[in-house]
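As a plain string of letters, each chain reads:
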Amino acid sequence: MSTYLHDLDRGGLPRHVGIVMDGNGRWARQRGLPRTEGHAAGEAAMWDTVVGADALDLEWLTMFAFSTENWNRPKAEVRYLMGFNRGLLRRRRDELHRMNVRVRWLGRRDWRVPRLVLREMEISEELTKDNTGMTLTIAFNYGGRIEVADAVKQLIADHDAGLLKGEKITPESISRRLYHPDMPDPDLIIRTSGEERISNFLLWQAAYSELYFTPVYWPDFDREHLYEAIRDYQKRSRRFGAIAENDSD
Ligand code: IPE
Ligand code: IPE
Ligand code: MG
């Protein structure tokens, strides 16, 4: 089933969509190709999804490109993914800039990230930082647990430096110290490839996200699948622990 832009109800759009781009390896295996060919084929899917999200005037799109656990993959695949993500930014950043998209990197800027990749991320962020269109966040060397641990570490450092000034320790104290405190929680999280798990993506922020799983492998995903997921999202009743508006006695 396809959903086109003109079929979508433009009211009630999610403000922030997160995507776990999964299934590249299986897509390639199915075709008798090396796993890396699956990653390469994922670029077109990513681009179509970004352009489709932009056409929808989505405010925030976050895509999971490399997790803190993905370092456990074979060296050659990790090396390929580093070069691939660097190349992707080099190939696409000018066009993203023309589209008025603000590019950001979400993740840990630690020693494991090759300097050339880090540099590419910083160039893209700097080039697009004043853009006022969609914010495209690339989660790279990202893990939800370490992000929360880093926030707690910061909280303790602020306490020790006497910066808390009576601030009570609340969930907001953690939220304020995440990598991008201004990023709203995702309303909708999509995961491709049939796996139905979070795999350490936006753990803190996903407390009330709607989850959408599709069996489609990432390289086969495109904007119509995104619209289909949004259409599904629009049928849901979000209650945040309360009751539906029209359901009181
Ligand atoms: C997602 O595809 C890309 C990354 C995690 C970097 P996978 O490489 O996980 O593909 P499968 O899950 O093995 O099919
Ligand atoms: C999640 O996919 C990470 C990314 C898409 C970058 P994985 O393929 O690494 O997740 P698991 O291992 O199946 O949980
Ligand atoms: Mg996977």
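Provided above is the structure to which this section pertains.
The model shown is predicted, which means the values in this text are computed figures rather than measured ones.

With that settled, the discussion passes to the site of ligand 2. Around ligand 2 sit Val20, Met21, Asp22, Phe64, Ala65, Phe66, Asn70, Arg73, Arg191, Arg197 and Ser199, and those are all the residues in its vicinity. Here an oxygen atom of ligand 2 and a side-chain polar atom of arginine 191 are 3.3 Å apart. When isolated, ligand 2 has an accessible area of 390 Å², and the protein chains bury 77% of it. A molecule is said to occupy a pocket when more than half its atoms come within 2 Å of that pocket's grid points, and by this definition ligand 2 occupies the largest pocket. Sorting elements by how many residues they give to the shell around ligand 2 places strand β2 (residues 60-67) first, with 3 residues. Each residue belonging to the shell around ligand 2 can be placed in one class, and the counts come to 5 nonpolar, 2 polar and 4 charged.

Closest axis-to-axis distance for the helix α2 (residues 35-55)/helix α3 (residues 75-98) pair is 11 Å, and the angle between their directions is 25°. Between α2 and α3, the angle is such that the two are roughly parallel. Helix-helix and strand crossings are classified by hand; for α2 and α3 the assignment is right-handed. When α2 is examined against α3, the residues Arg35, Thr36, His39, Ala40, Glu43, Met46, Trp47 and Val50 are found in contact with a partner set consisting of Glu77, Tyr80, Leu81, Phe84, Leu88, Arg91, Arg92, Glu95 and Leu96. Here the contact of α2 with α3 is composed, by residue class, of 9 nonpolar, 2 polar and 6 charged.

Right, let's get into empty space enclosed by the protein. A water-sized probe, rolled over the atoms, reveals where empty space remains. Scanning the entire structure with this criterion turns up 1 cavity of 30 Å³ or more. A volume near 90 Å³ is recorded for the largest cavity. For the largest cavity, the full set of lining residues is Glu43, Met46, Trp47, Val50, Leu88, Leu89, Arg92, Leu96, Leu136 and Ile138. Counting only elements with at least two residues in the lining of the largest cavity, the list comes to α2, α3 and β4 (135-142). Considered class by class, the residues forming the lining of the largest cavity number 8 nonpolar, no polar and 2 charged.

Criteria and cut-off values
- Residues numbered from 1 in each chain as written.
- Chains lettered and ligands numbered in written order.
- Predicted model: local features only at pLDDT ≥ 70, side-chain atom pairs only at ≥ 80, totals over all residues.
- Heavy atoms only, no water.
- Near = heavy atom within 4 Å.
- Polar contact = N/O pair within 3.5 Å; in protein donor to acceptor, adjacent residues only side chain to side chain.
- Areas by Shrake-Rupley, 256 points an atom, 1.4 Å probe, with all protein chains shown as cover.
- 1 Å grid on protein atoms, 1.4 Å probe; cavity = no way out; pocket = protein on both sides within 12 Å on 5 of 7 lines; lining within 4 Å.
- Sits in = over half its atoms within 2 Å of the grid points.
- Helix = DSSP H or I, 4+ residues; strand = E, 2+ residues; numbered from the N terminus.
- Nonpolar A, V, L, I, M, F, W, Y, C, P; charged D, E, K, R; others polar.
- Axes fitted to C-alpha atoms, helices over the stretch in contact; angles between N-to-C directions.
- Parallel < 35°, antiparallel > 145°, perpendicular 65-115°, else oblique.
- Left-handed = near helix turned anticlockwise from the far one by under 90°.
- Contact = heavy atoms within 4.5 Å.
- Points joined across faces, edges and corners; volume = space filled by probe spheres on them.

Geometric values such as these leave the question of function open.
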